[in-house]
Amino acid sequence: MPRSYRRFASRLAVVAAVISATGCISEPGETEAVAQSPVTQPPVAPPVRDEASQPYPPAPPNLATAPATPPEGPGLYEVSFETTKGTVVVEVHRDWAPNGADHFYDLVTRGFYNDVKFFRVVPNFMVQFGINGNPNVSSVWSEATLIDDPVRKSNKRGYITYAKTGRPNSRSTQVFINFTSNAFLDSQGFAPFGEVIKGMDVVDSLESRYNEQPSQRQFDIQTKGNKFLDAAFPGLDHIVSATVTSVDGRPVE
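In short, a report on the structure. As the structure is a computational prediction, the values presented were derived from the model and not from experiment. (Residues numbered from 1 in each chain as written. Predicted model: local features only at pLDDT ≥ 70, side-chain atom pairs only at ≥ 80, totals over all residues. Heavy atoms only, no water.)

## Some thoughts on the overall build of the protein chain
Then comes step 1: Tallying secondary structure elements over the protein chain gives 5 helices and 9 strands in all.
Then comes step 2: When the helices and strands of the protein chain are listed from N to C terminus, the series reads α-β-β-α-β-β-α-β-β-β-α-α-β-β.
Then comes step 3: Buried residues in the protein chain amount to 46% of all 253 residues.
Then comes step 4: Of the contacts formed within the protein chain by residues at least 6 apart in sequence, a portion of 76% connects residues at least 24 apart.
Then comes step 5: Split by element, the accessible area of the protein chain, about 12300 Å² in all, is 54% carbon and sulfur. (Helix = DSSP H or I, 4+ residues; strand = E, 2+ residues; numbered from the N terminus. Buried < 20%, exposed > 50% of the residue type's maximum accessible area, 1.4 Å probe, protein only. Contact = heavy atoms within 4.5 Å. Areas by Shrake-Rupley, 256 points an atom, 1.4 Å probe, with all protein chains shown as cover.)

## Looking at the nonpolar core
Then comes step 1: Within the largest apolar cluster, 40 residues are counted, with the highest numbers of intra-cluster contacts made by F81, F104, Y113 and F129.
Then comes step 2: Setting aside residues no more than four positions away along its own chain, F81 makes contact with G86, T87, V88, V90, F104, F129, I239, S241 and A242.
Then comes step 3: In this structure, Y210, I221, F228 and F233 belong to the second largest nonpolar core, which totals 9 residues. (Core = buried A, V, L, I, M, F, W, Y, C linked by side-chain atoms within 4.5 Å.)

## Focus on unusual backbone geometry
Then comes step 1: We note that N169 has phi near 55°; this positive angle belongs to a residue other than glycine.
Then comes step 2: As for its placement among the helices and strands, N169 is situated in the loop between β5 (159-162) and β6 (175-178).
Then comes step 3: Of note, N211 is a non-glycine position whose phi angle comes to about 50°, a positive value.

## Thoughts on the packing of aromatic side chains
Then comes step 1: If you walk through the whole model with that rule in mind, you get 15 aromatic pairs.
Then comes step 2: Between W96 and Y159 the ring centres are 5.3 Å apart and the planes differ by 20°, which places this aromatic pair in the stacked class. Remark: Y159 occurs in strand β5 and W96 occurs in the loop between β2 (86-93) and α2 (98-110); sequence separation between them is 63 residues.
Then comes step 3: Taking relative accessible area as the criterion, W96 reaches 8% and is therefore assigned buried.
Then comes step 4: Between F104 and F193, the aromatic rings sit 5.0 Å apart at their centres with planes inclined by 55°, giving tilted as the arrangement. Taken together, the positions of F104 in helix α2 and F193 in strand β7 (residues 192-198) put the pair 89 residues apart, joining distant regions of the chain. (Phe/Tyr/Trp six-rings, centres within 6.5 Å; stacked < 30°, edge-to-face > 60°.)

## Some points on the pattern of salt bridges
Note on pairing: side chains with opposite charge can pair once their charged atoms come close.
Then comes step 1: A complete count under the given rule lists 11 salt bridges for this structure.
Then comes step 2: Notably, a salt bridge pairs R94 with E72, separated by 3.9 Å at the nearest N-O pair. Of this pair, R94 sits in the loop between β2 and α2 while E72 sits in the loop between α1 (3-22) and β1 (76-83), and the two are 22 residues apart along the sequence.
Then comes step 3: Measuring nitrogen to oxygen at the nearest pair gives 2.7 Å for the salt bridge that ties R120 to E212. Linking R120 in strand β3 (residues 116-122) with E212 in the loop between α4 (200-204) and α5 (218-232), this pair joins segments that are 92 residues apart in sequence.
Then comes step 4: R120 gets classed as buried once you look at its relative accessible area, which sits at 3%. (Salt bridge = Lys/Arg side-chain N within 4 Å of Asp/Glu carboxyl O.)

## Here's the deal with α5
Then comes step 1: For α5, with 15 residues, the first-to-last C-alpha span of 12 Å runs short of the 21 Å given by 1.5 Å per residue.
Then comes step 2: The largest bend in α5 comes to about 125°, at K224.
Then comes step 3: What α5 keeps buried is the set Q218, D220, I221, G225, N226, F228, L229, A231 and A232.
Then comes step 4: The inward-facing, buried residues of α5 contact β3, β4 (126-129) and α3 (135-141). (Expected span 1.5 Å × (residues − 1). Bend = angle between axes of the 7 residues up to and from the residue.)

## Re the pairing of β2
Then comes step 1: With 6 of 8 residues buried, β2 is to be regarded as a mostly interior element.
Then comes step 2: When β1 meets β2, the two strands line up antiparallel, connected through 8 bridges. Residue pairing across strands places S80 opposite V89, the latter belonging to β2.
Then comes step 3: Following β1, the chain reverses through 2 residues before pairing antiparallel with β2.
Then comes step 4: Bridge count between β2 and β7: 4 bridges; the pairing is antiparallel. In the strand pairing of β7, E91 is matched with E195. (Pairing = 2+ DSSP bridges.)

## Some thoughts on the pairing of β6
Then comes step 1: Side chains V175 and I177 of β6 all project onto a buried face; the interleaved residues F176 and N178 project onto the opposite face, where all are buried too.
Then comes step 2: Of the pairings in the sheet, the one linking β4 to β6 comprises 4 bridges and is antiparallel in character. Each residue of the ladder has a partner; that of F129, found in β6, is V175.
Then comes step 3: Pairing analysis gives 3 bridges linking β5 to β6, with the strands arranged antiparallel. Residue T161 lies in a different strand from β6, and its bridge partner there is F176.

Worth remembering: the numbers are spatial, not functional.
Given below as structure tokens:
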């Protein structure tokens, strides 16, 4: 066997071993990115039951259309997330990121985050959520993108921030909560708009066994919804309901 061929075969074996070990090839630093767009799917997908492809009802009237610009929300408000692991309360500050805070208020009051899965839970990094369980809703709101806010606060532990791609003004409905200080995201334009003031222990306890796997199937989540996630990743925790419980320091009844 020629020496050049032996060198080529040796290199090919190394590449094959890397692919086998990782399941996919990713760019350096890709695991640190917080992106909404789908990434390359791994070659070996988890089994999915037939019901994952069954049709969903139309988007309810309050979620059937998205405003071109979200209405202005309160300067300070609290959102209570009832999850499968307990209650998480987030305090939103409009002066931190006005566009993000207004959009989040609109989404919560419309019920967008009810029955939404925590589909990306990466220990020592963050937990991400915000794809509606009904694809007919997701198809409307994924196009409702926001003008970028300047970064006024750092991505500290417990701070909540919109996910985005590398393109300008690409934020829509996906958000993440930092498990730890992720200050490296600040220079990339990730602008926190609130913080967890109660239930960070609940956030810490969210199911993380799937890590990045569901995030690598974002196209399927967007087009097949919760039925896909229930079939492929049945252990994921989710938001039961999200409601605004306080506005400008006054309880909401």
